[in-house]
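# Per-entry structural report
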Amino acid sequence: MRLHHRIDGPADAPLLVLGPSLGTGMAVWEPQLEALTAAWRVLRYDLPGHGGSAPATGFTFDALAEAVLDLAGEERFAIGGISLGGALAATVAANVPDRVTHLVMCCSSARFGEPGPWLERAAAVRRDGLRPLMETLLGRWFAARISESDPVLLHWVLSMVRGVDPESYAACCEAVAGYDLTARLAEISAPALVVAGAEDPATPVEHSLVLARGIPGALLAVVPGAAHLANVERAEAVTSAMVRHLGGKDANGGDGDGDGGGREGAGGEGAGGEDARRAAGMRTRREVLGDAHVDRAVANTTAFTADFQDLITRYAWDEIWNRPGLDRRTRSCVTLTALVAGGHLEELAMHVRAALRNGLTPDEIKEVLLQTAIYCGVPAANAAFAVAQRTLAGSAPAEWGSARPE
């Protein structure tokens with residue numbers, strides 16, 4: 001199976017492979033292309049019978065993942081995708097972990113539900129074609145009614161669907177029915193970014209939480225006001241998260257080093273090492289606390305506080321938060337407990353929001369605070385519950401769990 005593909009970007013840049021969702025084509029990544037090609041040679045592909053790829057039937061999910069891997073040749077590469085494309089990217093990352101440098105999964109899953117509905121959809125498309133599905137797809141892909149808000153976008157999206165071969169679409173549905181990567185998520189070693197649409201009915205936030213918890217060290221970004229095609233509906237937020245994760249011009253105006261927030265490349269002696277730690281720390285600080293908070297802190301920095309800001313950026317946010325021994329979810333649990341124990345309620349709200357960004361659910365935050373009632377004291381926990389409840393209420397419903405750079 002040979003998939004139609006296109007490469008954009010500098011010939012000497014590292015390779016980034018991006019896959020589309022079922023029913024769309026490589027054009028679905030157009031909103032991110034300009035930003036990504038500043039630092040990457042971007043290879044986008046079409047699924048079988050989609051866009052420029054020839055129709056195909058009778059293939060398995062693993063065969064589809066192998067066809068994607070074939071596109072990369074022999075070099076190391078980053079890989080990502082939306083929905084089905086994200087699942088293919090994760091499968092490749094698990095199959096050849098030594099070759100994948102970064103992973104991005106947008107509105108995707110370790111398992112897209114029970115096989116039955118997928119097999120029923122395949123049969124319906126073979127019988128009736130794709131036209132009866134279009135209204136349903138639009139309702140899943142976008143939180144807003146684009147037929148009313150953006151007729152140009154509507155025409156663009158529907159043109160991708162209309163060009164899909166029904167038999168190939170049905171074969172993709174059957175391949176998805178057999179997909180389940182849940183038990184293999186821990187085999188993925190590449191720095192991973194999981195992007196979720198807060199209003200995605202196809203792969204709800206819970207699917208992204210499974211990915212973020214199962215892939216070691218994965219970052220979770222939840223985009224408010226976005227459904228299944230989050231990279232189209234909220235392009236700026238998704239682009240910003242991807243550029244920061246993959247490396248490029250970040251929101252602080254510096255060059256990302258593409259290490260996904262890990263420790264590699266952050267050390268070293270002399271001014272270069274200090275600069276690398278500062279850049280890595282600032283990136284992590286923004287990923288955990290959000291751009292809005294960090295921008296306020298930077299704007300309020302004075303000559304008196306500048307050295308302290310530099311200290312926490314380099315040592316707290318790089319030297320500690322980027323250590324490999326604990327993932328960010330665990331570090332959030334420890335931080336919440338420490339703030340309750342120390343009575344630092346003025347910072348607790350900020351770190352409740354950070355815990356959501358790092359993949360903790362409100363129920364898990366509640367469990368952490370219940371634990372503090374025993375070991376830090378009931379009065380301290382009582383005050384902490386009041387702060388956390390106000391913070392969570394202010395984040396619900398669309399933004400709870402959000403890691404979106406604000």
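Not measured: the values here are computed from a predicted model.

## Some details on a nonpolar patch on the surface
A surface patch of nonpolar side chains, about 300 Å² in accessible area, is lined by Phe308, Leu311 and Tyr315. In this structure, leucine 311 sits in helix H14 (residues 306–320).

## Notes on the sheet that holds strand E7 (residues 219–223)
Read across the sheet, 7 strands follow the order E1-E3-E2-E4-E5-E6-E7 without closing on themselves; strand pairing throughout is mixed. Of all the strands in the sheet, just strand E1 (5–8) and E7 have a single pairing partner and so form its edges. On average, each strand axis in the sheet is inclined to that of its neighbour by 15°, with strand direction left out of account. For strand E4 (residues 77–82) and strand E5 (residues 100–106), the ladder comprises 5 bridges, and the chain directions are parallel. Bridged to glycine 81 within E5 is methionine 105. Running over the sheet, helix H2 (residues 61–71) touches E1, strand E2 (15–19), strand E3 (41–45) and E4 and is turned about 150° from E3.

## Details of the layout of surface pockets
In this approach a probe as big as a water molecule rolls over the atoms, and the regions it shows empty are the leftover space. Considering only enclosed or pocket space, the second largest pocket measures out at about 370 Å³ in volume. For the second largest pocket, the lining is made up of 20 residues, of which Phe112, Trp118, Arg121, Arg140 and Ala202 are closest to its centre. Mapped by element, the contributors of at least two residues to the lining of the second largest pocket are helix H4 (115–128), helix H5 (134–141) and helix H8 (166–177). A breakdown of the residues in the lining of the second largest pocket according to their chemical character gives 11 nonpolar, 6 polar and 3 charged.

Cut-offs used in this document
Residues numbered from 1 in each chain as written. Predicted model: local features only at pLDDT ≥ 70, side-chain atom pairs only at ≥ 80, totals over all residues. Heavy atoms only, no water. Patch = residues over 30% accessible without salt bridge, like charges linked within 9 Å, V, L, I, M, F, W, Y side chains within 5 Å. Areas by Shrake-Rupley, 256 points an atom, 1.4 Å probe, with all protein chains shown as cover. Salt bridge = Lys/Arg side-chain N within 4 Å of Asp/Glu carboxyl O. Helix = DSSP H or I, 4+ residues; strand = E, 2+ residues; numbered from the N terminus. Pairing = 2+ DSSP bridges. Axes fitted to C-alpha atoms, helices over the stretch in contact; angles between N-to-C directions. Contact = heavy atoms within 4.5 Å. 1 Å grid on protein atoms, 1.4 Å probe; cavity = no way out; pocket = protein on both sides within 12 Å on 5 of 7 lines; lining within 4 Å. Points joined across faces, edges and corners; volume = space filled by probe spheres on them. Nonpolar A, V, L, I, M, F, W, Y, C, P; charged D, E, K, R; others polar.

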